[in-house]
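# Observations on the three-dimensional arrangement
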Amino acid sequence: MTNSTAPARLVVLISGAGSTMRAVLEAQRDPGYGASVVAVISDRADAAGLEIAREHAVPTSVVALSDFSDREAWDRALAEEVERHEPDLVVLAGFMRLIGAPSLTRFGGRIVNTHPALLPAYPGAHGVRDALAGGAKVTGCTVMLVDEGVDTGPIVAQAAVEVWDDDTESSLHERIKTVERSLVAATVGRMVREGWSVDGRRVTVGDTAKNLNTEDDA
C-alpha cells in the first residue's frame, strides 16, 4: 500500500475507446488530484484506449477471454494481473465484462464502475434506450461500487441529464457520456483524497477513518 504522501494507485480496466480513462489521466495532471493510473488492462487487444494509455506512458496489458479455457480461468487471470499492480482502487472505464469472484474477493469495496442511468432505475445493458422507452424526462449517470450483481452495487455519486423531446438513443447517450467522464474523474479523486465508507446501501465519501492511505491498510 502506498504511504500517506504518495498518490493512490489506480488500475483502469477498459474494453474500447478509453474516453473515460482519458478523463482520469487528464485529471491526474493536477498534483492535488491524489491518484495516478499505474496500469491499464483490457479484455481486447484492439481496444483503442490502449494506445491512449501508451501515449501517457502507462503500462498496458491484455487479458482476453478467448485466451483461456473457460470463464473461471479468465476471472483468475484478470484478478492476478490487477493484483500485480497493487491497486488502491480499480476503475472500470467502459469495461464490458462482469467482474468475477476472484476480483471481488481481492478488491471488494475498491472497484468502481459507471452506468448511463440514474440507478436503481434502468439497470442493465440498455439503460439509455430503456430511459427513452420509459418516457423519462431526466436520466443521467451513476458511479457505484461493484458487487456480485449487475448494476446493483452501492451508489457513490450521480449526475442528472435532461432528456430532450427530440432525443435519440445516440444523441442522449453522447450527452450522458460527456457528463459521465467528468463525474468518474471527479469522484475517483474525491474517494482517494477523502476516503469512503459503506453502510449497507449508503456510501459516504469523506470518512477519514476509512481512507485508503491509512496505516491499517498498509
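Let us look at the structure shown here.

It is worth spelling out the overall build of the protein chain at this point. For the protein chain, the helix and strand inventory stands at 6 helices and 9 strands. The C-alpha atoms of the protein chain give 17 Å as radius of gyration, which agrees with the globular expectation for 218 residues (17 Å, within 12%). The C-alpha extent of the protein chain, read off along each of the three principal axes, is 50 × 40 × 35 Å. With 218 residues in all, the protein chain has 47% of them scored as buried. Considering only contacts within the protein chain whose residues lie at least 6 apart along the sequence, 59% involve residues at least 24 apart. When the accessible surface of the protein chain is summed, it comes to about 10600 Å², and 49% of that surface belongs to carbon and sulfur atoms.

What follows concerns unusual backbone geometry. Here leucine 119 and proline 120 are connected by a cis peptide whose omega angle stands at 10°. Among the structural elements, proline 120 can be located in the loop between strand E5 (111-115) and helix H5 (127-133). A positive phi angle, near 50°, is found at glutamate 86, a position not held by glycine. Inspection of the secondary structure puts glutamate 86 in the loop between helix H3 (71-84) and strand E4 (89-92). Exposure remark for glutamate 86: the relative accessible area of 54% places this residue in the exposed category. Of note, aspartate 151 is a non-glycine position whose phi angle comes to about 60°, a positive value. Its location among the elements puts aspartate 151 in the loop between strand E6 (138-145) and strand E7 (155-162). In this structure aspartate 151 comes out as buried when scored by relative accessible area, which is 18%.

Once that is clear, we can look at the packing of helix H1 (residues 19-27) against helix H6 (residues 169-194). Two numbers describe how H1 lies on H6: the axes approach to 9 Å, and their chain directions differ by 45°. Taken together, the axes of H1 and H6 lie oblique to each other. Seen from above, H1 lies across H6 with right-handed handedness. Here Ser19, Thr20, Ala23, Val24 and Ala27 of H1 lie close against H6, whose contacting residues are Arg181, Val184 and Ala185. In the contact of H1 with H6, the residues fall into 5 nonpolar, 2 polar and 1 charged.

Scoring rules and cut-offs
- Residues numbered from 1 in each chain as written.
- Predicted model: local features only at pLDDT ≥ 70, side-chain atom pairs only at ≥ 80, totals over all residues.
- Heavy atoms only, no water.
- Helix = DSSP H or I, 4+ residues; strand = E, 2+ residues; numbered from the N terminus.
- Rg over C-alpha atoms; globule rule 2.2 N^0.38 Å.
- Buried < 20%, exposed > 50% of the residue type's maximum accessible area, 1.4 Å probe, protein only.
- Contact = heavy atoms within 4.5 Å.
- Areas by Shrake-Rupley, 256 points an atom, 1.4 Å probe, with all protein chains shown as cover.
- Axes fitted to C-alpha atoms, helices over the stretch in contact; angles between N-to-C directions.
- Parallel < 35°, antiparallel > 145°, perpendicular 65-115°, else oblique.
- Left-handed = near helix turned anticlockwise from the far one by under 90°.
- Nonpolar A, V, L, I, M, F, W, Y, C, P; charged D, E, K, R; others polar.

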